[in-house]
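Structural features, examined
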Amino acid sequence: MKLSNVTQPKKDYTKSLQIHNTLNKKLWNGHQIKPTIHKKLLHIYNQFVKDTEIDVKVVDVVMMGSSCDTNFTNLSDIDLHFIIPFSEASKEYQLMVANCKLWNNAHNIKIYGHKVEINPQTKTNPFISKDAAIYSIQNNKWKRQPVEHEITTKMRNQINIKCQQYEQQIIAAKKHKSWKELDNIMKSIKDKRKNGVVKDGEMSIDNLVFKCLRNVGLIEKIHDDSFAIHDEQQSL
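Rules behind the numbers
Residues numbered from 1 in each chain as written. Predicted model: local features only at pLDDT ≥ 70, side-chain atom pairs only at ≥ 80, totals over all residues. Heavy atoms only, no water. Pairing = 2+ DSSP bridges. Helix = DSSP H or I, 4+ residues; strand = E, 2+ residues; numbered from the N terminus. Contact = heavy atoms within 4.5 Å. Axes fitted to C-alpha atoms, helices over the stretch in contact; angles between N-to-C directions. Expected span 1.5 Å × (residues − 1). Buried < 20%, exposed > 50% of the residue type's maximum accessible area, 1.4 Å probe, protein only. Polar contact = N/O pair within 3.5 Å; in protein donor to acceptor, adjacent residues only side chain to side chain. Salt bridge = Lys/Arg side-chain N within 4 Å of Asp/Glu carboxyl O. Core = buried A, V, L, I, M, F, W, Y, C linked by side-chain atoms within 4.5 Å.

Quick look at the sheet that holds strand β8 (residues 141–144)
Strand order across the open sheet formed by six strands is β5-β6-β4-β3-β7-β8, with mixed pairing between neighbours. Every interior strand has two partners, whereas the edge strands, β5 (110–111) and β8, have only one. Inspection of the sheet shows β5 paired to strand β6 (residues 114–122) by two bridges, in the antiparallel sense. By the bridge assignment for β6, Lys 110 is matched with Lys 115. Packed on one face of the sheet, helix α2 (residues 91–106) meets β4 (78–84) and β6 and runs near 175° to β6.

Right, here's the structure in full:
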């Protein structure tokens, strides 16, 4: 589905985007993770392994995303990834994805308001941002430290235009009662985010578009509307 031309955005979707001079002080002392946080994250991961009965060789357990970077917000999750020596196409990896989805949906574990989510990651994942901050929870040290970020006025305008276009598409798809249109919109958002992160890193326009859409509730709305329309059409 192509994005149509729009006029100047009517609202600022980028208000939720933040850049700080420090890491989240609830979780970090400077650039060192707080011992209580580190201990708790290890405990959560070990409980996850026990609950899911995962029996694979894990290369590392790392923390990624905005909670270990300077672009965190109150909405940021704490993303724990366990790195495994399988390809994304392997049955082992797909099983890990399914186990994680079930576990994440069944739990609502938070650390100072930040939800903890656990997911698998391949050892050579080509879609990890080239400048993503990565902290090894397993070894208690940085694998890649945060870099300086900036969101310019021009970037905010580009993000707002794309967000408004997507919101218009979501409204139209719901009006058409088309869960397929909604699923295609979601696929477009995710694919562009993935490609943007690989090409331009964390501050890629399409990665920030995804974050803004998520922060204002539109990602959740796509999922909810798609399921509701699909269920209605399958019902008598």
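Let us keep going from here.
Brief notes about helix α3 (residues 153–175)
Counted at 1.5 Å a residue, the expected span for α3 with its 23 residues is 33 Å, and the 33 Å between its end C-alpha atoms agrees. Among all positions in α3, only Met 155, Ile 159, Asn 160, Cys 163, Gln 164, Gln 165, Tyr 166, Glu 167, Gln 169, Ile 170 and Ala 173 are buried. Tucked into the core, α3 has its buried residues touching α4 (179–200), α5 (205–215) and α6 (218–234). In the stretch just after α3, Lys 177 is the one whose phi turns positive, near 55°.

Observations regarding the environment of Lys 190
Looking at the element boundaries, Lys 190 is found in helix α4. Through-space distance from the C-alpha of Lys 190 to that of Asn 207 is 8.6 Å; in sequence the pair is 17 residues apart.

Quick look at the side chain of Ser 66
Structurally, Ser 66 can be placed in the loop between β3 (60–64) and β4. Ser 66 sits in the buried class, given a relative accessible area of 7%. Only 2.9 Å separates the side chain of Ser 66 from the side chain of Ser 76, close enough to count as a polar contact. Sequence-distant contacts of Ser 66, defined by excluding residues within four places in its chain, comprise Asn 71, Phe 72 and Ser 76.

What to know about α5
The element α5 is largely enclosed, with a buried count of 10 among its 11 residues. Looking at α5, one finds that the buried residues are Ile 205, Asp 206, Asn 207, Leu 208, Val 209, Phe 210, Lys 211, Cys 212, Leu 213 and Asn 215. Looking one or two residues past α5, Gly 217 carries a phi angle of roughly 90°, positive in sign.

Concerning the environment of Val 56
With respect to the helices and strands, Val 56 occurs in the loop between α1 (35–52) and β3. Looking at Val 56, the relative accessible area reads 23%, which means it is partly exposed. When the C-alpha atoms of Val 56 and Glu 92 are compared, they prove to be 8.7 Å apart, with 36 residues separating the residues in sequence. The contacts of Val 56, once residues within four sequence positions are left out, are Ile 84, Phe 86 and Met 96.

Digging into the pattern of salt bridges
Counting across every chain of the model gives seven salt bridges. Note that Asp 225 is salt-bridged to Lys 174, the shortest N-O span being 3.9 Å. Within this pair, whereas Asp 225 is found in helix α6, its partner Lys 174 is found in helix α3, the two being separated by 51 residues in sequence. Asp 191 is the salt-bridge partner of Lys 187, the closest N and O atoms lying 2.6 Å from each other. Taken together, the positions of Lys 187 and Asp 191, both in helix α4 and four residues apart, correspond to about one turn of that helix.

Quick word on the nonpolar core
Residues Trp 28, Leu 41, Met 63 and Phe 82 are the most contacted members of the largest nonpolar core, which totals 28 residues. Of all the elements in the fold, those that place two or more residues in this core are α1, β3, β4, α2 and β6. For this core, the element with the highest residue contribution is α1, accounting for five residues. What Trp 28 contacts, discounting residues up to four positions off in sequence, is Leu 23, Ile 33, Lys 34, Met 63, Ser 67, Cys 68, Tyr 135 and Trp 142. Grouped together as the second largest cluster of nonpolar side chains are 24 residues, Tyr 13, Ala 173, Met 186 and Val 209 included.

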